[in-house]
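The residues making up each chain are set out below.
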Amino acid sequence: SSCRLDDLVSISGLSERLGRHATSASPADSPLLSAIEGLTGSDLRRTLLRYGYEGFDGFGRIVYDTWLRDARADTLETVTPELIRVARLSERWWRLVEQLFETNDIKGVVLGHVEYAPYALIAWHAMARGVPVFYVWQLVPNTIRLLRDPTELGRRQAPEQRHQIEHIMSALDLSDAGFLD
């Protein structure tokens, strides 16, 4: 069966609008910030990584991964203004994406990332509603992975993708050795 594309929802440009005043909230305004307030080191990381939000057990991991990418840091030791910004922005994305799914008849989602906010949040909302997510996996050319279950967000690679990576790495090794052009 086929369907007609009525509207294309693009998230470009929304981050800037959602991010305004993202650092001005007090911990009382955010369940996540309340949960990590005053924590440091491994207690902070453990609490954040285990934090679930409105049924999504991976929410804290998405915030942490997004913070690592944005801050270009190795690990998290204290609650920083950047972490507060990412947490608040992720909560805002959560509500916006939820509203998009509640007010639109979304048939499918195409994403190039599923590890960071807002992409992982879009994927979770889609799969929680039975909407397929077509994940264009950028490390293996011409690979699209179909995600249908929110538990698949925790898996980094499907077995066939691991095989493709091993094949590519093997070819690169042969090329480096002068066996392939």
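Everything here concerns the structure above.
The paragraphs below set out a description of the structure included in this document. (Residues numbered from 1 in each chain as written. Predicted model: local features only at pLDDT ≥ 70, side-chain atom pairs only at ≥ 80, totals over all residues. Heavy atoms only, no water.)

## Quick notes on the overall build of the protein chain
A count of helical and extended segments in the protein chain gives seven helices and three strands. Starting at the N terminus, the α and β elements of the protein chain follow one another as α-α-α-α-α-β-α-β-β-α. Expressed as a percentage of its 181 residues, the buried residues of the protein chain come to 36%. Long-range pairs, those at least 24 residues apart, make up 55% of the contacts in the protein chain between residues at least 6 apart in sequence. In the form shown here, the protein chain has an accessible surface area of approximately 10900 Å², with 50% of it arising from carbon and sulfur atoms. (Helix = DSSP H or I, 4+ residues; strand = E, 2+ residues; numbered from the N terminus. Buried < 20%, exposed > 50% of the residue type's maximum accessible area, 1.4 Å probe, protein only. Contact = heavy atoms within 4.5 Å. Areas by Shrake-Rupley, 256 points an atom, 1.4 Å probe, with all protein chains shown as cover.)

## As for the packing of aromatic side chains
Scanning the entire structure with this criterion turns up nine aromatic pairs. Arranged with centres 5.4 Å apart and planes meeting at 35 degrees, the rings of phenylalanine 56 and tryptophan 124 form a pair that is tilted. Within this pair, whereas phenylalanine 56 is found in the loop between α3 (41-49) and α4 (59-71), its partner tryptophan 124 is found in helix α6 (residues 119-128), the two being separated by 68 residues in sequence. The pair formed by phenylalanine 56 and tryptophan 124 is uniform in burial state, with each residue classed as buried. Three or more aromatic residues link up through ring pairs in this structure, and these residues are Tyr51, Tyr53, Phe56, Phe59, Trp94 and Trp124. (Phe/Tyr/Trp six-rings, centres within 6.5 Å; stacked < 30°, edge-to-face > 60°.)

## Considerations on the pairing of strand β2 (residues 133-136)
The side chains of a regular strand alternate between both faces of the sheet. Burial along β2 is one-sided: the face carrying Val133 and Tyr135 is buried and the face carrying Phe134 and Val136 is not. Sheet topology note: the strand β1 (residues 109-111)/β2 ladder contains three bridges and is parallel. Within β2, the residue paired with valine 109 across the bridge is valine 133. For the crossover that starts at β1, traverses α6 and ends in the parallel β2, the hand is right-handed. In terms of strand pairing, β2 meets strand β3 (residues 144-147) through four bridges, oriented antiparallel. The residue bridging tyrosine 135 from the neighbouring strand is arginine 145, located in β3. (Pairing = 2+ DSSP bridges. Right-handed = clockwise from strand over helix to strand, strands pointing away.)

## Thoughts on α4
Compared with the 18 Å implied by 1.5 Å per residue over 13 residues, the 18 Å span of α4 between its first and last C-alpha is a close match. Listing the buried residues of α4 in full gives Phe59, Gly60, Arg61, Ile62, Val63, Tyr64, Asp65, Thr66 and Trp67. Against the buried residues of α4 lie α2 (31-36), α3, α5 (81-103) and α6. Positive backbone phi, at 50 degrees, marks arginine 72, one or two positions downstream of α4. (Expected span 1.5 Å × (residues − 1).)

## A few points about α5
Taking 1.5 Å of rise per residue, the 23 residues of α5 would be expected to cover 33 Å, and the 33 Å separating its terminal C-alpha atoms lies within 8% of that figure. Listing the buried residues of α5 in full gives Leu83, Val86, Ala87, Arg88, Leu89, Ser90, Glu91, Trp93, Trp94, Leu96, Val97 and Phe101.

## So, unusual backbone geometry
The step from alanine 117 to proline 118 runs through a cis peptide bond, and the omega angle for that step is 5 degrees. In this structure, proline 118 sits in the loop between β1 and α6. Its identity is not glycine, yet glutamate 54 carries a phi of approximately 45 degrees, on the positive side. Position of glutamate 54 among the secondary structure elements: in the loop between α3 and α4. Using a relative accessible area of 51% as the deciding quantity, one classes glutamate 54 as exposed.

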